[in-house]
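Fold and geometry: a report
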Amino acid sequence: MVYDTCHKIQPNKINVHLVPHSHDDVGWLKTVDQYYTGANNSIRGACVQNVLDSVISALIDDKNRKFIYVEMAFFQRWWNQQSEMLKAKVKELVNTGQLEFINGGMCMHDEATPHYIDLIDQTTLGHMFIKREFGKKPRVGWQIDPFGHSAVQAYLLGAELGFDSLFFARMDYQDREKRKNEKTLEVVWQGSKSLGSSSQLFTGIFPRHYDPPDGFTFEINDVSAPIQDDELLFDYNVQERVNDFVDAAIAQANVTRTNHIMWAMGTDFRYQYAVSWFRQIDKFIHYVNLDGRVNALYSTPSIYTDAKHAADETWPLKTDDFFPYADKINTYWTGYFTSRPTFKDYVRKMSGYYLVARQLEFYKGRNSSGPNTDALADALAIAQHHDAVSGTQRQHVASDYALRIGKGYAEAEKVVASSLAFLTALRSSGNHENSVGTFQQCPLLNISYCPPSEAVLSDGKSLVIVVYNPLGWKREEVVRIPVSSHELIVLDSDGKEIKSQLLPIFNASLNMRNYHVKAYLGISPSSTPQYWLGFTASVPPLGFSTYIISSAKHTDTRSTMSTVWTSDSTSDKTVVIGGGNLKLHYATYEGKLTHYINNRNLVEESIEHSYSYYSGHNSTNQASGAYIFRPSGTFPIKSEGQKAFAIIKGPIMDEVHQELNPWIYQVTRVYKEKEHAEVEFTIGPIPIDDGVGKEITTQITTNFKTNKTFYIDSNGRDFIKRVRDFRTDWDLQINEPVAGNYYPINLGAYVEDGTMELSVLVDRAVGGSSLVDGQIELMLHRRLLFDDVKGVGEVLNETICVLDDCKGLVVQGKFYIRIDPMGDGAKWRRTFGQEIYSPLLLAFAEQDGNDWKNSHASSLSMIDSSYSLPNNTAIITLQELESGTILLRLAHLYEVGEDKDYSVMASVELKKLFPNRKISKVREMNLSGNQERGEMEKKRLNWKVKDSSEAKIVRGGGVDPEKLVVELGPMEIRTFFIDFDYLMMFASE
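About the criteria used
- Residues numbered from 1 in each chain as written.
- Predicted model: local features only at pLDDT ≥ 70, side-chain atom pairs only at ≥ 80, totals over all residues.
- Heavy atoms only, no water.
- Helix = DSSP H or I, 4+ residues; strand = E, 2+ residues; numbered from the N terminus.
- Rg over C-alpha atoms; globule rule 2.2 N^0.38 Å.
- Buried < 20%, exposed > 50% of the residue type's maximum accessible area, 1.4 Å probe, protein only.
- Contact = heavy atoms within 4.5 Å.
- Pairing = 2+ DSSP bridges.
- Disulfide = S-S within 2.5 Å.
- 1 Å grid on protein atoms, 1.4 Å probe; cavity = no way out; pocket = protein on both sides within 12 Å on 5 of 7 lines; lining within 4 Å.
- Points joined across faces, edges and corners; volume = space filled by probe spheres on them.
- Nonpolar A, V, L, I, M, F, W, Y, C, P; charged D, E, K, R; others polar.
- Axes fitted to C-alpha atoms, helices over the stretch in contact; angles between N-to-C directions.
- Patch = residues over 30% accessible without salt bridge, like charges linked within 9 Å, V, L, I, M, F, W, Y side chains within 5 Å.
- Areas by Shrake-Rupley, 256 points an atom, 1.4 Å probe, with all protein chains shown as cover.
- Salt bridge = Lys/Arg side-chain N within 4 Å of Asp/Glu carboxyl O.
- Phe/Tyr/Trp six-rings, centres within 6.5 Å; stacked < 30°, edge-to-face > 60°.
- Lys NZ or Arg CZ within 6 Å of the ring centre and 35° of its normal.

Moving on, we get to the overall build of the protein. When helices and strands are tallied, the protein shows 19 helices and 52 strands. By the compact-globule yardstick of 30 Å for 989 residues, the protein fits well, its C-alpha radius of gyration being 29 Å. The principal-axis extents of the C-alpha atoms in the protein amount to approximately 105 × 65 × 60 Å. Put simply, the protein has 989 residues, and 63% of those count as buried. A sequence separation of at least 24 residues applies to 76% of the contacts in the protein between residues at least 6 apart.

On to the sheet that holds strand 18 (residues 500-504). Spatially, four strands are ordered 15-19-18-21 in an open sheet, and the strand pairing comes out mixed. What marks the edges here is a single partner per strand, and that holds for strand 15 (475-483) and strand 21 (560-561). Where strand 15 lies against strand 19 (residues 531-539), nine bridges are found, and the strand directions are antiparallel. Among the inter-strand pairings, E476 is bridged to a residue of strand 19, identified as S538.

Before going further, it helps to spend a moment on the state of the cysteines. Evaluation of the coordinates by the stated rule reveals two disulfides. There is a disulfide in this structure between C442 and C450, and the S-S distance comes to 2.1 Å. Handedness of the C442-C450 disulfide follows from its S-S torsion of about 65°: it is right-handed. The pair C442 / C450 is uniform in exposure class, with both members buried.

This brings us to the layout of surface pockets. Volume-wise, the second largest pocket comes out at about 750 Å³. Together, 33 residues line the second largest pocket, and L125, M128, R132, L881 and E882 are the ones closest to its centre. Put simply, the parts of the chain that give the lining of the second largest pocket at least two residues each are helix 5 (116-134), helix 11 (341-364), helix 12 (374-383), strand 46 (873-880), strand 47 (886-892) and strand 49 (919-925). Per-class residue counts for the lining of the second largest pocket are eleven nonpolar, eleven polar and eleven charged.

A few words now on the sheet that holds strand 32 (residues 677-683). The strands that make up a sheet are held in pairs by hydrogen bonds between backbone atoms, and each pair lies either parallel or antiparallel. Within the open sheet, the ten strands sit side by side as 22-29-30-31-32-43-38-37-34-35. Their pairing is antiparallel. Every interior strand has two partners, whereas the edge strands, strand 22 (563-566) and strand 35 (719-723), have only one. Each strand axis lies, on average, 20° off the axis of its neighbour in the sheet, ignoring direction. Taken together, the seven bridges between strand 38 (residues 756-762) and strand 43 (residues 811-821) define a ladder with antiparallel strand orientation. When the sheet's bridge partners are listed, S759 is paired in strand 43 with R818. Docked against the sheet, helix 16 (residues 825-837) engages strand 35, strand 37 (748-752), strand 38 and strand 43, running at close to 10° with respect to strand 38.

A grouping of Y520, L521 and I523 is seen on the molecular surface, where their side chains present a nonpolar patch of about 310 Å² in accessible area. In this fold, I523 is placed in the loop between helix 15 (507-521) and strand 19.

Turning next to the packing of aromatic side chains. Geometry of an aromatic ring pair is reported as the spacing of the ring centres plus the angle between the planes. As enumerated under the stated definition, the model contains 56 aromatic pairs in all. Taking the centre distance of 5.5 Å and the plane angle of 50° together, the rings of F75 and W78 count as tilted. Highlighted residues: F75 and W78, both in helix 3 (residues 72-79), separated by three residues, approximately one helical turn. Residue W78 is classed as buried on the basis of its relative accessible area of 1%. Geometrically, the ring pair formed by F75 and F101 is edge-to-face, given 5.0 Å between the ring centres and 80° between the ring planes. Separated by 26 residues along the polypeptide, F75 in helix 3 and F101 in strand 3 (residues 99-101) bring together distant segments of the chain. Through a chain of ring-to-ring contacts, three or more aromatic side chains come together here, namely F67, F216, F218, F245, W263, Y271, W277, F278, F284 and Y298. Against the face of W532 rests R480, its NZ or CZ located 4.6 Å from the ring centre. Taking the ring centre of Y515 as reference, the NZ or CZ of K807 above it sits at 3.8 Å.

To continue, consider helix 12. Since one α-helical turn is 3.6 residues long, residues separated by three or four positions face the same way. Counted residue by residue, helix 12 has seven buried out of ten residues, so it is predominantly covered. Within the sequence span of helix 12, burial applies to L376, A377, A379, L380, A381, I382 and A383. As for helix 12, its buried residues are in contact with helix 1 (32-37), helix 3, helix 5, helix 11 and helix 13 (395-424).

This is the structure we're talking about:
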């Protein structure tokens, strides 16, 4: 029988848009490649290759059928294996709209724990693949599975991509009930208060989940009754099934505005035998439309969006975001904000490294055959998946993601080394590649392991450190490296001796180093460094400086040895650390931080810093696990035994070392030239021998009266106002007073009381809150003993192993604290926030005599030497594409009204960014670079919004082809393709 499935929208009926889809996790219970090939099926019978093979075949069979595909990491794997003949047929399916790419990133990224630069990069990679192979531009966001939704997703990874709409399924159960009652599941979302309606997005939330209504799933083993329409067979049921369909459609129409509803026809890894779905959908469309009460049609989210737009409805306005998410009582998905903290750190560090590697690759010139940054790009892209950086995957999958990133890093490291060799070599000295041994880098510097700096300097040899700064402004920062001798001097780029400081390396650091080097490299370190050497590096914007470290002669002044003493060797009641404007006061007896004093801006505040842990709930009805945070009790962590702590002082920095207990060690550092405190923590292995899972938190506490209010960033961009025990969109029923007030932090958090503000910045994604006025709490580590029954089926109990000796995971990280007069904190948060994300890059070489100095440039800025970027802007992408075109992204770092000096229009002079190259063409693109910005703006759908009133939005104007100056309004990110007339090599002489 032939079914009539060629149906269009009917204006006077309920239109049921049937959208066939498969939700394909780019790694979760199995690795990305196991999911693709169908390996390891004892875990889960899922094979994406089968999905794509069978869907394409079913679409070719019937031109009325439609299907949407989302995850380009999988599609790209499949595409690369197909014949030219099949590729031609698939291109035809795409051109006729039977197959549509939706979302179009490499993965469906998480929205809580990635940094905005990673979100942009992974989406760009997918969009450029689609553009290159199919000439298409996705126009709909499809974030159906992430566990909460961010403001940055709506405006940046939505409107700024040229998307017309966004759809998702997961939202708080209380919010969903209210929205269903009020018919407000579909809204217009303005994610950024700075960009307002210029960056808004139509957003649809599914009434239940991203699967069809009950009774309409048709994978091979599903239990839904198929339509049996052969009268010669038993169980004929056409009318019964049509009635079921109409009932379900009317029920959904009752909670939806307009006469259009959408059914997501599919769920995880479905359509492995696509005909079993399409056969039933064909029949439903045929018989439902013969019945005539409602209209059913094959559709896509784009068709649905256009139908909603054509209805000319006025939509409710949504601002801020959809965090935190609870799917039922006592079930807040706020644990994953911190889960797998070392993996979150690795992703963040490698993201910053990828940014630098692309810059350096551009300055040298992209190499078509040798090492490049592509493998790191691919690995980081899939690591943004909502079961990757989120920390909600199985352990073997986490290891697979890390291995991919490690392989990508190894290749990018070669790009960085060869680019620095090229940039530092003086052209006159002949062959720059071989004039010196290769540069070495120290990826394990965080655990005090750096073979090139630890090497003993023999006769006449010295250590060369090239320090590269990827930011657009000059930086003065302390560099710390482990060394084996105390008789050292440090020379700067001009050959002048500069101040340096030696600090002891304590056993806590050495034990951490020795165990982890063996775990990562399979070997024990061959030597033991004696000291940390610290000195202040001064580095030009987008450029490098060189420092030489040599053995001191008898006549030299040498590195200053720090003074070291312990609190029990003094009779003073108070110990003060900090050699510059910032002073921290400690109560000697208890070893407690008591006061924060800044002599420059006259800040003088009481402050405390403490640790505690939550015991994880282990009840069968809802445990704390990889996704869910459900504490059953709170326990302060007090110093065990003697309260003694070690104090280290010197000309560059002071440190306080404290061992709170056998598994928490911390160093609080104050640099003489800086006005913030740096806290380096080492936590683990978390003890579980008492049978209790623990979630470790730290609190920074002041006396500020903050009225339940605190501010937390959205993916490192806009700060969103949070109020304890409150939601903007509904009256919150409180059942989890701790977990229900946790939010994802990527950059930092702050509180203010009208006269002062306390800011805390982080080095990776963490969960946090302000549960007490004047206090900021961060969750730093979790180790749990029960699965939270959200699908991963594995306990979050991470270990690290040397041979067969496994112990609980140790996490080392940093956070940063500062107190400012009200209104002054944003400058530090934004500037220093960029410096955390993009640390100075160190590369090491050895020189014999003066051979390095004679053949290398000692300092160079890649931009005009008289220029630096305005303090309120950053270059977030500088990359040479395969075509030779340059991709440049510039970001304004401030929101409207955030800072009295910097929340203003900024201007960047492109000629000064590329001083030795002639710019022939500049095209402004959308965020992912798949269409010109002007074209995107022309096509943008305008939505009518209820209660919309806003101040004037400030955005930069067009770029004059003669002046080549780019303007940026607050929170604006602008993307350009730049072509040069000829790539003139800049002379280093």
